[in-house]
Amino acid sequence: MTEKKFLNKQEHAKYLEKYNIHANRAMLTIILSILVDVFGYSMVLPLLPSIVKDFGASDFFVGILISSNAFTAMIFGPIWGKLSDKYGRKRILMISQAGTGLSFLILATSNSVYIIMFSRILDGVFGGQIPVIRAYISDITTPKTRASEMSKIMVGHVVGMIIGPIIGGFLGAINWRYPAILASILSILAITLTLKVLIESMPKDRVADIKLRLSTNENNSDNNRSIWNKEVNLRFVQIFLLFMITVMVNSSFPLFLDNRYGAGPSVIGSVMSVAGFVVLIYAGFLMKPMLRKFGEKRVLIFGFILLIVIFLFFPYLTELWMVYVFIVPFAFCMSVIPPLIQSNLTKAIDQDKQGVASGWTTNFQSISQIIAPLVSTGFLEIGGLVVFSIFFFNSYQLIGFTAVILGIALLIVGIIDLKSHPHLYARDEPKNKEIVKGGPNKLQ
(Lines give C-alpha, C1' and ligand atoms only; values in the text may rest on other atoms or scores of the structure.)
Protein backbone atom coordinates (compact mmCIF):
# COMPACT_ATOMS: atom_id res chain seq x y z
CA MET A 1 0.00 0.00 0.00
CA THR A 2 1.35 3.45 -0.86
CA GLU A 3 1.01 6.86 0.72
CA LYS A 4 -1.48 8.21 -1.82
CA LYS A 5 -3.85 5.38 -2.76
CA PHE A 6 -6.01 4.98 0.30
CA LEU A 7 -9.68 4.39 -0.43
CA ASN A 8 -10.91 5.27 3.06
CA LYS A 9 -9.90 6.27 6.57
CA GLN A 10 -9.87 2.67 7.80
CA GLU A 11 -7.43 1.62 5.09
CA HIS A 12 -5.12 4.48 5.97
CA ALA A 13 -5.31 3.61 9.68
CA LYS A 14 -4.31 0.02 8.85
CA TYR A 15 -1.33 1.34 6.87
CA LEU A 16 -0.20 3.50 9.82
CA GLU A 17 -0.41 0.53 12.17
CA LYS A 18 2.50 -0.99 10.22
CA TYR A 19 4.64 1.69 11.88
CA ASN A 20 2.92 1.49 15.30
CA ILE A 21 1.15 4.81 14.67
CA HIS A 22 -2.39 5.27 15.97
CA ALA A 23 -3.79 8.49 14.53
CA ASN A 24 -6.41 9.23 17.20
CA ARG A 25 -3.97 8.74 20.06
CA ALA A 26 -1.35 10.83 18.25
CA MET A 27 -3.84 13.67 17.64
CA LEU A 28 -4.78 13.74 21.33
CA THR A 29 -1.11 14.01 22.31
CA ILE A 30 -0.51 16.74 19.73
CA ILE A 31 -3.52 18.73 20.96
CA LEU A 32 -2.32 18.46 24.57
CA SER A 33 1.17 19.53 23.55
CA ILE A 34 -0.21 22.60 21.75
CA LEU A 35 -2.41 23.33 24.76
CA VAL A 36 0.59 23.49 27.08
CA ASP A 37 2.60 25.60 24.63
CA VAL A 38 -0.17 28.13 23.96
CA PHE A 39 -1.11 28.18 27.64
CA GLY A 40 2.31 29.61 28.41
CA TYR A 41 2.28 32.11 25.54
CA SER A 42 -1.27 33.33 26.23
CA MET A 43 -0.46 33.98 29.89
CA VAL A 44 2.29 36.40 28.89
CA LEU A 45 0.63 38.21 25.95
CA PRO A 46 -1.93 40.23 27.99
CA LEU A 47 0.89 41.48 30.17
CA LEU A 48 2.91 43.16 27.42
CA PRO A 49 1.50 46.67 28.14
CA SER A 50 2.42 46.25 31.82
CA ILE A 51 5.90 44.99 30.95
CA VAL A 52 6.75 47.87 28.63
CA LYS A 53 5.40 50.37 31.15
CA ASP A 54 7.55 48.79 33.86
CA PHE A 55 10.66 49.54 31.84
CA GLY A 56 9.44 52.86 30.44
CA ALA A 57 9.29 51.59 26.85
CA SER A 58 6.82 52.79 24.18
CA ASP A 59 3.88 51.00 22.56
CA PHE A 60 5.97 50.64 19.44
CA PHE A 61 8.48 48.59 21.44
CA VAL A 62 5.80 45.89 21.85
CA GLY A 63 5.73 45.68 18.06
CA ILE A 64 9.51 45.37 17.98
CA LEU A 65 9.36 42.54 20.56
CA ILE A 66 6.90 40.55 18.47
CA SER A 67 8.71 41.29 15.21
CA SER A 68 12.10 40.23 16.58
CA ASN A 69 10.58 36.90 17.60
CA ALA A 70 9.06 36.46 14.14
CA PHE A 71 12.29 37.41 12.36
CA THR A 72 14.27 34.61 13.99
CA ALA A 73 11.35 32.18 13.50
CA MET A 74 11.43 33.06 9.79
CA ILE A 75 15.10 32.07 9.58
CA PHE A 76 14.89 28.89 11.65
CA GLY A 77 11.38 27.63 10.75
CA PRO A 78 12.40 25.99 7.45
CA ILE A 79 15.54 24.60 9.10
CA TRP A 80 13.53 22.82 11.81
CA GLY A 81 11.08 21.59 9.18
CA LYS A 82 13.85 20.12 7.06
CA LEU A 83 15.54 18.57 10.10
CA SER A 84 12.23 16.93 11.05
CA ASP A 85 12.05 15.35 7.58
CA LYS A 86 15.55 13.97 8.08
CA TYR A 87 15.68 13.06 11.78
CA GLY A 88 12.00 12.63 12.70
CA ARG A 89 9.24 14.86 14.05
CA LYS A 90 9.40 13.81 17.70
CA ARG A 91 13.06 14.62 18.30
CA ILE A 92 12.85 18.09 16.74
CA LEU A 93 9.59 18.83 18.57
CA MET A 94 11.25 18.14 21.93
CA ILE A 95 14.23 20.38 21.12
CA SER A 96 11.81 23.17 20.21
CA GLN A 97 9.85 22.72 23.44
CA ALA A 98 13.05 22.89 25.49
CA GLY A 99 14.08 26.14 23.79
CA THR A 100 10.66 27.66 24.41
CA GLY A 101 10.86 26.78 28.12
CA LEU A 102 14.31 28.35 28.41
CA SER A 103 13.12 31.56 26.71
CA PHE A 104 10.26 31.93 29.21
CA LEU A 105 12.67 31.40 32.09
CA ILE A 106 14.94 34.17 30.77
CA LEU A 107 11.91 36.45 30.37
CA ALA A 108 10.90 35.81 34.00
CA THR A 109 14.37 36.78 35.28
CA SER A 110 15.01 39.71 32.91
CA ASN A 111 15.98 43.09 34.32
CA SER A 112 16.06 45.20 31.14
CA VAL A 113 14.28 45.56 27.81
CA TYR A 114 17.35 44.08 26.10
CA ILE A 115 17.09 40.83 28.09
CA ILE A 116 13.36 40.70 27.32
CA MET A 117 14.14 41.09 23.63
CA PHE A 118 16.79 38.36 23.85
CA SER A 119 14.21 36.00 25.39
CA ARG A 120 11.79 36.65 22.51
CA ILE A 121 14.55 36.16 19.93
CA LEU A 122 15.54 32.86 21.56
CA ASP A 123 11.91 31.75 21.51
CA GLY A 124 11.87 32.50 17.76
CA VAL A 125 15.04 30.47 17.19
CA PHE A 126 13.41 27.41 18.79
CA GLY A 127 9.96 28.15 17.38
CA GLY A 128 9.75 24.89 15.46
CA GLN A 129 6.76 23.37 17.23
CA ILE A 130 3.97 24.49 14.92
CA PRO A 131 5.69 23.62 11.59
CA VAL A 132 6.69 20.21 12.97
CA ILE A 133 3.18 19.59 14.30
CA ARG A 134 1.62 20.53 10.95
CA ALA A 135 4.01 18.12 9.21
CA TYR A 136 3.10 15.45 11.77
CA ILE A 137 -0.62 15.86 11.02
CA SER A 138 0.11 15.60 7.29
CA ASP A 139 1.93 12.33 8.04
CA ILE A 140 -1.07 10.75 9.76
CA THR A 141 -3.94 12.03 7.58
CA THR A 142 -5.17 11.68 4.01
CA PRO A 143 -5.97 14.66 1.74
CA LYS A 144 -9.68 13.98 2.31
CA THR A 145 -9.49 14.22 6.12
CA ARG A 146 -6.67 16.75 6.43
CA ALA A 147 -8.70 19.98 6.64
CA SER A 148 -10.86 18.80 9.54
CA GLU A 149 -7.83 17.27 11.30
CA MET A 150 -5.82 20.48 10.85
CA SER A 151 -8.66 22.35 12.50
CA LYS A 152 -8.15 20.21 15.61
CA ILE A 153 -4.90 22.09 16.19
CA MET A 154 -7.18 24.97 17.07
CA VAL A 155 -8.76 22.98 19.90
CA GLY A 156 -5.53 22.80 21.90
CA HIS A 157 -4.72 26.34 20.84
CA VAL A 158 -7.98 27.88 21.95
CA VAL A 159 -8.32 25.98 25.22
CA GLY A 160 -4.91 27.44 26.06
CA MET A 161 -6.17 30.84 24.95
CA ILE A 162 -9.21 30.52 27.22
CA ILE A 163 -7.43 29.45 30.40
CA GLY A 164 -4.05 31.14 29.86
CA PRO A 165 -5.19 34.78 29.83
CA ILE A 166 -7.34 34.28 32.94
CA ILE A 167 -4.43 32.86 34.96
CA GLY A 168 -1.99 35.29 33.32
CA GLY A 169 -4.21 38.23 34.19
CA PHE A 170 -4.59 37.03 37.79
CA LEU A 171 -0.88 36.31 38.34
CA GLY A 172 0.17 39.36 36.31
CA ALA A 173 -1.83 41.63 38.59
CA ILE A 174 0.52 40.47 41.36
CA ASN A 175 3.74 40.41 39.33
CA TRP A 176 4.19 40.09 35.56
CA ARG A 177 7.10 37.65 36.07
CA TYR A 178 4.94 34.92 37.64
CA PRO A 179 3.15 33.85 34.42
CA ALA A 180 6.51 33.54 32.64
CA ILE A 181 7.80 31.26 35.42
CA LEU A 182 4.69 29.09 35.19
CA ALA A 183 5.03 28.97 31.38
CA SER A 184 8.57 27.66 31.76
CA ILE A 185 7.38 24.91 34.12
CA LEU A 186 4.62 23.95 31.67
CA SER A 187 7.23 23.50 28.93
CA ILE A 188 8.75 20.69 31.02
CA LEU A 189 5.30 19.06 31.07
CA ALA A 190 5.08 19.35 27.26
CA ILE A 191 8.50 17.70 26.83
CA THR A 192 7.51 14.86 29.15
CA LEU A 193 4.23 14.33 27.31
CA THR A 194 5.98 14.20 23.93
CA LEU A 195 8.72 11.87 25.20
CA LYS A 196 6.45 9.37 26.94
CA VAL A 197 3.33 9.31 24.75
CA LEU A 198 3.95 10.56 21.21
CA ILE A 199 4.93 7.98 18.59
CA GLU A 200 7.29 9.09 15.82
CA SER A 201 5.26 9.60 12.62
CA MET A 202 8.23 9.22 10.28
CA PRO A 203 10.26 6.26 11.60
CA LYS A 204 13.22 5.08 9.54
CA ASP A 205 11.34 2.20 7.92
CA ARG A 206 8.54 4.51 6.76
CA VAL A 207 11.04 7.04 5.38
CA ALA A 208 12.72 4.19 3.50
CA ASP A 209 9.34 3.08 2.06
CA ILE A 210 8.57 6.60 0.87
CA LYS A 211 11.99 7.00 -0.75
CA LEU A 212 11.56 3.65 -2.50
CA ARG A 213 8.17 4.68 -3.84
CA LEU A 214 9.55 7.94 -5.17
CA SER A 215 12.64 6.35 -6.71
CA THR A 216 10.58 3.70 -8.52
CA ASN A 217 8.02 6.30 -9.62
CA GLU A 218 5.24 4.08 -8.31
CA ASN A 219 2.69 6.86 -8.44
CA ASN A 220 2.03 9.31 -11.25
CA SER A 221 4.63 11.52 -12.84
CA ASP A 222 4.17 14.42 -10.41
CA ASN A 223 5.82 12.46 -7.57
CA ASN A 224 8.82 14.75 -7.41
CA ARG A 225 7.00 18.05 -7.55
CA SER A 226 9.05 20.94 -6.24
CA ILE A 227 7.53 22.85 -3.35
CA TRP A 228 8.04 25.93 -5.53
CA ASN A 229 5.34 25.94 -8.20
CA LYS A 230 2.37 28.14 -9.04
CA GLU A 231 -0.09 26.10 -7.01
CA VAL A 232 2.03 26.19 -3.86
CA ASN A 233 3.05 29.82 -4.32
CA LEU A 234 -0.59 30.96 -4.47
CA ARG A 235 -1.19 29.32 -1.10
CA PHE A 236 1.93 30.82 0.43
CA VAL A 237 0.61 34.25 -0.64
CA GLN A 238 -2.74 33.47 1.00
CA ILE A 239 -0.96 32.49 4.22
CA PHE A 240 1.05 35.71 4.16
CA LEU A 241 -2.00 37.94 3.61
CA LEU A 242 -4.12 36.12 6.19
CA PHE A 243 -1.46 36.38 8.89
CA MET A 244 -0.82 40.02 8.04
CA ILE A 245 -4.43 40.66 9.03
CA THR A 246 -4.57 38.46 12.10
CA VAL A 247 -1.16 39.38 13.52
CA MET A 248 -1.78 43.09 12.92
CA VAL A 249 -4.84 42.79 15.15
CA ASN A 250 -3.59 40.23 17.69
CA SER A 251 -0.25 41.93 18.30
CA SER A 252 -1.87 45.29 19.03
CA PHE A 253 -4.98 43.97 20.78
CA PRO A 254 -3.72 44.33 24.40
CA LEU A 255 -2.54 47.88 23.59
CA PHE A 256 -5.78 48.61 21.70
CA LEU A 257 -7.86 47.56 24.74
CA ASP A 258 -5.60 49.46 27.13
CA ASN A 259 -5.50 52.68 25.10
CA ARG A 260 -9.12 52.80 23.93
CA TYR A 261 -10.99 51.43 26.95
CA GLY A 262 -8.43 51.64 29.78
CA ALA A 263 -8.56 47.86 30.15
CA GLY A 264 -6.14 46.26 32.61
CA PRO A 265 -4.58 42.75 32.49
CA SER A 266 -7.71 41.06 33.89
CA VAL A 267 -10.06 42.61 31.32
CA ILE A 268 -7.61 41.93 28.48
CA GLY A 269 -7.38 38.34 29.71
CA SER A 270 -11.18 38.00 29.77
CA VAL A 271 -11.52 39.28 26.20
CA MET A 272 -8.91 36.81 24.97
CA SER A 273 -10.59 34.00 26.92
CA VAL A 274 -13.95 34.73 25.30
CA ALA A 275 -12.23 34.70 21.90
CA GLY A 276 -10.67 31.35 22.73
CA PHE A 277 -14.00 29.90 23.87
CA VAL A 278 -15.73 30.95 20.64
CA VAL A 279 -12.94 29.47 18.50
CA LEU A 280 -13.21 26.25 20.52
CA ILE A 281 -16.91 25.98 19.63
CA TYR A 282 -16.22 26.53 15.93
CA ALA A 283 -13.09 24.40 15.58
CA GLY A 284 -13.99 21.68 18.05
CA PHE A 285 -17.66 21.12 17.27
CA LEU A 286 -18.88 22.97 14.17
CA MET A 287 -16.03 22.70 11.66
CA LYS A 288 -16.63 19.13 10.55
CA PRO A 289 -20.46 19.48 10.18
CA MET A 290 -19.99 22.76 8.26
CA LEU A 291 -17.54 21.18 5.81
CA ARG A 292 -19.84 18.18 5.37
CA LYS A 293 -22.92 20.33 4.73
CA PHE A 294 -21.52 23.21 2.68
CA GLY A 295 -18.19 21.91 1.34
CA GLU A 296 -14.68 23.31 1.83
CA LYS A 297 -14.91 25.70 -1.12
CA ARG A 298 -18.05 27.52 0.08
CA VAL A 299 -16.83 27.74 3.68
CA LEU A 300 -13.47 29.16 2.57
CA ILE A 301 -14.97 31.84 0.31
CA PHE A 302 -17.52 32.79 2.97
CA GLY A 303 -14.67 33.15 5.48
CA PHE A 304 -12.76 35.48 3.13
CA ILE A 305 -15.81 37.71 2.60
CA LEU A 306 -16.75 37.77 6.29
CA LEU A 307 -13.20 38.82 7.20
CA ILE A 308 -13.51 41.88 4.94
CA VAL A 309 -16.93 42.84 6.30
CA ILE A 310 -16.05 42.67 10.01
CA PHE A 311 -12.99 44.90 9.59
CA LEU A 312 -15.13 47.57 7.97
CA PHE A 313 -16.73 47.85 11.43
CA PHE A 314 -13.50 47.49 13.46
CA PRO A 315 -12.74 51.25 13.68
CA TYR A 316 -16.18 51.93 15.16
CA LEU A 317 -16.02 49.66 18.22
CA THR A 318 -16.48 52.62 20.53
CA GLU A 319 -17.69 50.61 23.54
CA LEU A 320 -15.98 47.64 25.20
CA TRP A 321 -19.05 45.39 24.78
CA MET A 322 -18.77 45.85 21.00
CA VAL A 323 -15.38 44.13 21.13
CA TYR A 324 -17.03 40.98 22.50
CA VAL A 325 -19.52 41.07 19.60
CA PHE A 326 -16.69 41.58 17.08
CA ILE A 327 -14.90 38.51 18.44
CA VAL A 328 -17.65 36.07 17.35
CA PRO A 329 -17.28 36.45 13.54
CA PHE A 330 -13.54 37.10 13.82
CA ALA A 331 -13.13 33.80 15.69
CA PHE A 332 -15.09 32.04 12.96
CA CYS A 333 -12.65 33.31 10.32
CA MET A 334 -9.66 32.26 12.42
CA SER A 335 -11.17 28.81 12.95
CA VAL A 336 -11.93 27.91 9.34
CA ILE A 337 -9.58 29.82 7.02
CA PRO A 338 -6.09 28.72 8.27
CA PRO A 339 -6.76 24.94 8.31
CA LEU A 340 -8.40 25.04 4.86
CA ILE A 341 -5.50 26.94 3.27
CA GLN A 342 -2.97 24.71 5.04
CA SER A 343 -4.83 21.59 3.91
CA ASN A 344 -4.82 22.83 0.31
CA LEU A 345 -1.09 23.47 0.59
CA THR A 346 -0.30 19.95 1.78
CA LYS A 347 -2.25 18.46 -1.15
CA ALA A 348 0.22 20.06 -3.57
CA ILE A 349 3.35 18.69 -1.85
CA ASP A 350 4.82 15.19 -1.68
CA GLN A 351 4.91 13.27 1.60
CA ASP A 352 8.69 13.43 1.99
CA LYS A 353 8.68 17.25 1.68
CA GLN A 354 5.92 18.05 4.19
CA GLY A 355 8.38 19.16 6.88
CA VAL A 356 10.19 21.52 4.51
CA ALA A 357 6.90 22.94 3.25
CA SER A 358 5.61 23.39 6.78
CA GLY A 359 8.82 25.23 7.65
CA TRP A 360 8.31 27.57 4.71
CA THR A 361 4.71 28.08 5.80
CA THR A 362 6.09 29.30 9.12
CA ASN A 363 8.50 31.47 7.14
CA PHE A 364 5.68 33.29 5.37
CA GLN A 365 3.82 33.63 8.65
CA SER A 366 6.99 35.04 10.18
CA ILE A 367 7.38 37.64 7.44
CA SER A 368 3.87 38.84 8.23
CA GLN A 369 4.67 38.70 11.96
CA ILE A 370 7.68 40.93 11.37
CA ILE A 371 5.78 43.55 9.37
CA ALA A 372 2.27 43.50 10.90
CA PRO A 373 3.13 44.35 14.54
CA LEU A 374 5.26 47.29 13.41
CA VAL A 375 2.38 48.54 11.26
CA SER A 376 -0.34 48.25 13.92
CA THR A 377 1.72 49.50 16.88
CA GLY A 378 3.10 52.23 14.61
CA PHE A 379 -0.48 53.35 13.89
CA LEU A 380 -1.18 53.42 17.63
CA GLU A 381 2.02 55.37 18.25
CA ILE A 382 1.31 58.15 15.72
CA GLY A 383 -2.35 58.45 16.73
CA GLY A 384 -3.60 59.10 13.22
CA LEU A 385 -2.73 60.17 9.69
CA VAL A 386 -3.82 63.03 7.42
CA VAL A 387 -4.26 62.01 3.77
CA PHE A 388 -4.18 64.61 0.95
CA SER A 389 -4.45 67.35 3.60
CA ILE A 390 -8.20 66.62 3.76
CA PHE A 391 -8.96 63.23 5.31
CA PHE A 392 -7.92 62.30 8.83
CA PHE A 393 -7.82 58.63 9.83
CA ASN A 394 -7.33 57.77 13.49
CA SER A 395 -5.28 54.77 14.62
CA TYR A 396 -8.24 52.40 14.72
CA GLN A 397 -9.41 53.38 11.24
CA LEU A 398 -5.89 52.86 9.90
CA ILE A 399 -5.75 49.35 11.40
CA GLY A 400 -9.27 48.41 10.28
CA PHE A 401 -9.08 49.74 6.73
CA THR A 402 -5.60 48.29 6.18
CA ALA A 403 -7.07 44.91 7.19
CA VAL A 404 -9.92 45.43 4.69
CA ILE A 405 -7.47 46.10 1.85
CA LEU A 406 -5.47 43.01 2.74
CA GLY A 407 -8.70 41.01 2.99
CA ILE A 408 -9.76 42.03 -0.51
CA ALA A 409 -6.34 40.96 -1.82
CA LEU A 410 -6.74 37.62 0.02
CA LEU A 411 -10.16 37.06 -1.56
CA ILE A 412 -8.81 37.79 -5.06
CA VAL A 413 -5.83 35.44 -4.67
CA GLY A 414 -8.09 32.76 -3.18
CA ILE A 415 -10.51 32.94 -6.11
CA ILE A 416 -7.62 32.77 -8.60
CA ASP A 417 -6.37 29.64 -6.80
CA LEU A 418 -9.80 27.99 -6.82
CA LYS A 419 -10.36 28.78 -10.51
CA SER A 420 -6.87 27.62 -11.51
CA HIS A 421 -7.01 24.36 -9.54
CA PRO A 422 -10.58 22.99 -9.63
CA HIS A 423 -9.25 19.52 -8.78
CA LEU A 424 -8.94 20.69 -5.16
CA TYR A 425 -12.66 20.42 -4.71
CA ALA A 426 -13.56 17.75 -7.23
CA ARG A 427 -15.02 15.74 -4.34
CA ASP A 428 -16.55 18.83 -2.72
CA GLU A 429 -20.13 18.19 -3.84
CA PRO A 430 -23.36 18.11 -1.82
CA LYS A 431 -23.95 14.63 -0.43
CA ASN A 432 -27.43 14.26 -1.91
CA LYS A 433 -26.69 15.61 -5.35
CA GLU A 434 -28.74 13.73 -7.94
CA ILE A 435 -27.03 11.89 -10.75
CA VAL A 436 -27.52 13.66 -14.05
CA LYS A 437 -30.10 11.92 -16.15
CA GLY A 438 -28.63 10.08 -19.07
CA GLY A 439 -25.06 10.69 -17.88
CA PRO A 440 -22.30 8.11 -17.80
CA ASN A 441 -23.21 7.11 -14.23
CA LYS A 442 -26.92 6.75 -14.87
CA LEU A 443 -28.52 4.12 -12.68
CA GLN A 444 -29.56 1.02 -14.55
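So, here is what we can say about the structure in this document.

Thresholds applied
For every chain, the first residue of its written sequence is number 1, and the numbers climb from 1 along that sequence. Confidence filtering applies because this is a predicted model: local features only for residues at pLDDT of at least 70, side-chain atom pairs given and counted only at 80 or more, and all residues used for totals across whole chains, interfaces and linings. Only heavy atoms go into the side-chain values, all of them from the structure, while hydrogens and water stay out. To qualify as a helix, a DSSP run of H or I must reach at least 4 residues; to qualify as a strand, a run of E must reach at least 2; elements of each kind are numbered from the N terminus. The cut-offs for exposure are 20% and 50% of the maximum accessible area for each residue type, with area from a 1.4 Å probe on protein chains only; residues under the lower value are buried, those over the upper are exposed, and the others partly exposed. Here a residue-residue contact requires only that any non-hydrogen atoms of the pair lie within 4.5 Å. Only the protein chains shown count as covering a residue, and every accessible area follows the Shrake-Rupley method with a 1.4 Å probe. The aromatic pairing rule takes the rings of Phe, Tyr and Trp, using the six-membered ring of Trp, and pairs them if the centres are within 6.5 Å, calling planes under 30 degrees apart stacked, those over 60 edge-to-face and the rest tilted. Whether a charge lies above a ring is judged from NZ of Lys or CZ of Arg, which has to be within 6 Å of the ring centre and within 35 degrees of the ring normal. Grouping buried Ala, Val, Leu, Ile, Met, Phe, Trp, Tyr and Cys residues that are joined through side-chain atoms within 4.5 Å yields what is termed a nonpolar core. In a helix, the anticipated span is given by 1.5 Å times the number of residues less one. Within 3.5 Å is the distance limit for a polar contact, defined as a pair of N or O atoms, with the added protein rule that one can donate a hydrogen and the other accept it, and that residues adjacent in sequence qualify only through two side-chain atoms. Here, axes are lines fitted to C-alpha atoms. For helices the fit covers the stretch in contact, and angles between N-to-C directions go from 0 to 180 degrees. In what follows, roughly perpendicular refers to angles from 65 to 115 degrees, roughly parallel to angles under 35, roughly antiparallel to angles over 145, and oblique to any angle outside these ranges. By definition, turning the near helix anticlockwise from the far helix through less than a right angle yields a left-handed crossing, and turning it clockwise yields a right-handed one. For this classification, Asp, Glu, Lys and Arg are treated as charged, while Ala, Val, Leu, Ile, Met, Phe, Trp, Tyr, Cys and Pro are nonpolar and the rest, including Gly, are polar. Patch construction takes residues with relative accessible area above 30% that form no salt bridge. Like charges are linked within 9 Å, and nonpolar side chains (Val, Leu, Ile, Met, Phe, Trp, Tyr) are linked within 5 Å. Salt bridge, as used here: a side-chain nitrogen of Lys or Arg that lies within 4 Å of a carboxyl oxygen of Asp or Glu.

Things to note about the overall build of the protein chain
- Each helix and strand in the protein chain was counted, giving 17 helices and 2 strands.
- A total of 444 residues make up the protein chain; the buried ones form 56% of that total.
- Intrachain contacts of the protein chain at a sequence separation of at least 6 include 84% that bridge at least 24 residues.
- Of the roughly 19700 Å² of accessible surface on the protein chain, 67% is carried by carbon and sulfur atoms.

Quick look at the packing of aromatic side chains
- This model, assessed by the stated rule, comprises 12 aromatic pairs.
- Taken together through their ring pairs, the aromatic side chains of F256, Y261, F311, F314, F326, F330 and Y396 make up a single cluster.
- For the cation-ring pair, R260 lies above Y396, with the distance from its terminal atom to the ring centre recorded as 4.1 Å.

A look at the nonpolar core
- Ranked by size, the top nonpolar core spans 69 residues in total, and within it L257, L307, F311 and I337 carry the most contacts.
- Those elements that place two or more of their residues in this core are α4 (59-87), α12 (230-261), α13 (265-294), α14 (296-313), α15 (320-347), α16 (354-382) and α17 (395-420).
- The biggest single contributor to this core is α12, with 17 residues.
- Among all residues touching F311, those that are not within four sequence positions of it are I245, V249, F326, F330, G400, A403 and V404.

A closer look at the side chain of S201
- Mapped onto the fold, S201 is located in the loop between α10 (177-197) and α11 (204-215).
- With near-sequence residues (within four places) excluded, S201 lies in contact with I21, R89, Y136, D139, I140 and R206.

As for α14
- Its 18 residues place the ends of α14 26 Å apart at the C-alpha level, agreeing with the 26 Å of an ideal helix rising 1.5 Å per residue.
- Regarding α14, the residues found buried are E296, V299, L300, G303, F304, L306, L307, I308, I310 and F311.

Regarding the side chain of T194
- Note on placement: T194 falls in helix α10.
- What makes T194 buried here is its relative accessible area of 1%.
- In this structure the side chain of T194 is engaged in a polar contact, spanning 3.0 Å, whose partner is the side chain of Q97.

Notes on the packing of helix α5 (residues 89-108) against helix α7 (residues 129-140)
- The geometry of α5 relative to α7 is characterised by a closest axis approach of 9 Å and an angle of 155 degrees between their N-to-C directions. The angle between the axes of α5 and α7 places the two elements in the roughly antiparallel class. Where α5 crosses over α7, the handedness of that crossing is left-handed. Counting all contacts with α5, which are made through R89, I92, L93, S96, Q97 and T100, the residues of α7 involved are Q129, V132, I133, A135, Y136 and D139.
- Class assignment for the residues of the contact of α5 with α7 results in 6 nonpolar, 4 polar and 2 charged.

Focus: a nonpolar patch on the surface
- Taken together, F170, I174, Y178, I181 and I185 make up a surface patch of nonpolar side chains, about 520 Å² in accessible area.
- Only α9 (153-174) and α10 provide two or more residues apiece to the nonpolar patch.
- No other element matches α10, which puts 3 residues into the nonpolar patch.

What to know about the pattern of salt bridges
- This structure, assessed with the given rule, holds 5 salt bridges.
- One salt bridge connects D123 with R120, and the closest N-O pair in it is separated by 3.4 Å. Here the residue D123 and the residue R120 both occupy positions in helix α6 (residues 113-125), the gap between them amounting to 3 residues, near one helical turn.
- Salt bridges here are not isolated pairs; linked through shared partners, they connect D85, R89 and D139.

Purely geometric stuff here, so don't read any function into it on its own.
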